[in-house]
Amino acid sequence: MFVALVGVLGLLVGGLLRLVSETVRDHDGGGRTWGTCASCGDAHGLASAIPVVGVRRACSSCGHQPHPGRVVLDLTTAGVFALLAYRVGAAWALVPLLLFASALLAVSAVDLERFRIPDRLLFPALGAGIVLLAVFSGPGEWTGHLVPAVVGMLAYGVLLFIPNLIAPAMLGFGDVKLALLLGLFLGWMRPTVAEGLVLIIWSLVAGMLFGVLSGIVVGIGRRVFGPTFLADPDFPVAPGEDPPPIHRTAVPMGPGLALGAFTVMLFSGSILGGSGVF
Ligand SMILES: [Zn+2]
């Protein structure tokens, strides 16, 4: 029952995340405010944030309709919320974890379409994450996890800053900023700094693996659905241009890193044994 309730909450949050990520994504193009049409800019309220059906809502002024594929965000959020509720149960630790999952989903949605990690989403999420972890950790069973959380945040940021310096085209500075959020929550999983660092290494390996896999999937997608499939809007494909070989497909790393961290977080108990949040 509890799992189903949190799943329904996830569906509602997913609709909101879709609205937020669409607005942030288009912000560079014209400074949209919440709940306005991407095409003509007229306000159409919060109706498009209604889960699932909101995605099909056309603009009443110009008839513009968002891509129906965005409904994936509503459904994934519902699934991830239900999964976390199932794993954590009705515990206070669920509150910061739901925020973490929401932030990862919204940031990944923007990164997939815009090839950017949006500061306007990431930094508020990082700030809210620190506050929620501080509030819901203590005084209680997770108080000792706060130092590993802060160390993890800095450690993962520094760890990704090095490859960013060497190959910024492969790993952008947005991914370094995302690593702060990932490291914060990975560190919070465990009572010691050393365990948090082990999880960060696992997360980096898993993230790179998911990054390579997403490159292959998107590379195949561009051959099946055409070169505009999840293409970088800053580098439009010239008509008639041959796509690069699949192993050189350019994809954003953010979603892979986020999925890597989330997976390692869920399995942190199996990886390290002993006691932790999972
Ligand atoms: Zn419109």
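As the structure is a computational prediction, the values presented were derived from the model and not from experiment. (Residues numbered from 1 in each chain as written. Predicted model: local features only at pLDDT ≥ 70, side-chain atom pairs only at ≥ 80, totals over all residues. Heavy atoms only, no water.)

**Notes on the domain arrangement of the protein chain**
Under the domain assignment used here, the protein chain contains domain 1 (1-90) and domain 2 (126-278). Here the C-alpha centroids of domain 1 and domain 2 sit 23 Å apart. Of the residues lining the interface, five residues belong to domain 1; the matching set on domain 2 comes to four residues. When the two sides are added together, the surface that domain 1 and domain 2 hide from each other amounts to roughly 420 Å², 79% of it contributed by carbon and sulfur. Of all residues in domain 1, the largest losses of buried area upon contact with domain 2 belong to Leu 83, Leu 84 and Arg 87, amounting jointly to 78% of the total for that side. On the surface where domain 1 and domain 2 come into contact, there are zero salt bridges. (Domains from an automatic or database assignment. Contact = heavy atoms within 4.5 Å. Buried area = accessible area lost by both parts, 1.4 Å probe. Salt bridge = Lys/Arg side-chain N within 4 Å of Asp/Glu carboxyl O.)

**Re the nonpolar core**
Counting 59 residues, the largest nonpolar core has Leu 84, Leu 97, Tyr 156, Trp 188, Leu 257, Met 265 and Phe 278 as the members making the most contacts within it. Looking at this core, the element that brings in the most residues is helix 3 (residues 94-114), giving 12 residues. Each of domain 1 (1-90) and domain 2 (126-278) accounts for three or more of the residues forming this core. Aside from chain neighbours lying at most four places away, what touches Leu 97 is Leu 84, Val 88, Phe 185, Trp 188, Met 189, Met 265, Val 277 and Phe 278. (Core = buried A, V, L, I, M, F, W, Y, C linked by side-chain atoms within 4.5 Å. Buried < 20%, exposed > 50% of the residue type's maximum accessible area, 1.4 Å probe, protein only. Helix = DSSP H or I, 4+ residues; strand = E, 2+ residues; numbered from the N terminus.)

**A closer look at unusual backbone geometry**
For Phe 115, which is not glycine, the phi dihedral falls at a positive 60°. As for its position among the elements, Phe 115 is in the loop between helix 3 and helix 4 (119-137). Positive phi values are uncommon outside glycine, yet Leu 230 reaches one of about 50°. For Leu 230, the position within the fold is in the loop between helix 7 (193-225) and helix 8 (254-266).

**Topic: the pattern of salt bridges**
Within the structure shown, the criterion is met by five salt bridges. Here Asp 119 and Lys 177 are joined by a salt bridge, their closest N and O atoms 2.7 Å apart. Taken together, the residues Asp 119 in helix 4 and Lys 177 in helix 6 (residues 173-188) connect sequence positions 58 residues apart. Glu 195 serves as the salt-bridge partner of Arg 190, at 3.0 Å between the closest nitrogen and oxygen. One salt-bridge network, held together by shared partners, links Glu 22, Arg 70 and Glu 113.

**A few points about the packing of helix 3 against helix 8**
Closest axis-to-axis distance for the helix 3/helix 8 pair is 8 Å, and the angle between their directions is 155°. Between helix 3 and helix 8, the crossing angle belongs to the class labelled roughly antiparallel. By crossing handedness, the relation of helix 3 to helix 8 is classed as left-handed. On the side of helix 3, the interface is formed by Leu 97, Phe 100, Ala 101, Leu 104, Ser 108, Asp 111 and Leu 112, while helix 8 contributes Gly 254, Pro 255, Ala 258, Phe 262 and Met 265. In terms of residue class, the contact of helix 3 with helix 8 is made up of nine nonpolar, two polar and one charged. (Axes fitted to C-alpha atoms, helices over the stretch in contact; angles between N-to-C directions. Parallel < 35°, antiparallel > 145°, perpendicular 65-115°, else oblique. Left-handed = near helix turned anticlockwise from the far one by under 90°. Nonpolar A, V, L, I, M, F, W, Y, C, P; charged D, E, K, R; others polar.)

**Some thoughts on the packing of aromatic side chains**
All chains considered together, the criterion is met by six aromatic pairs. Between Trp 92 and Phe 136 the ring centres are 5.3 Å apart and the planes differ by 25°, which places this aromatic pair in the stacked class. One end of the pair, Trp 92, is in the loop between helix 2 (71-88) and helix 3; the other, Phe 136, is in helix 4, and 44 residues separate them in sequence. Measuring from centroid to centroid gives 6.4 Å for Trp 142 and Trp 188, while their planes differ by 65°, and the two rings are edge-to-face. Taken together, the positions of Trp 142 in the loop between helix 4 and helix 5 (146-166) and Trp 188 in helix 6 put the pair 46 residues apart, joining distant regions of the chain. You can call Trp 188 buried: its relative accessible area is 0%. (Phe/Tyr/Trp six-rings, centres within 6.5 Å; stacked < 30°, edge-to-face > 60°.)

**Observations concerning helix 5**
With 21 residues, helix 5 extends 31 Å from end C-alpha to end C-alpha; this agrees with the ideal 30 Å at 1.5 Å per step. The inward-facing, buried residues of helix 5 abut helix 4, helix 6, helix 7 and helix 8. (Expected span 1.5 Å × (residues − 1).)

**Focus on the packing of helix 7 against helix 8**
Each pair of packed helices gets described by two things: the angle between the helix axes and the distance between those axes. Between helix 7 and helix 8, the least distance of the axes is 7 Å, while the angle of their chain directions is 135°. When the axes of helix 7 and helix 8 are compared, the pair comes out oblique. Handedness of the crossing formed by helix 7 with helix 8: right-handed. In contact with Leu 199, Trp 202, Ser 203, Leu 204, Ala 206, Gly 207, Met 208, Phe 210 and Gly 211 of helix 7, helix 8 contributes Gly 256, Leu 257, Leu 259, Gly 260, Ala 261, Thr 263 and Val 264. Its residues assigned to classes, the contact of helix 7 with helix 8 shows 10 nonpolar, six polar and no charged.

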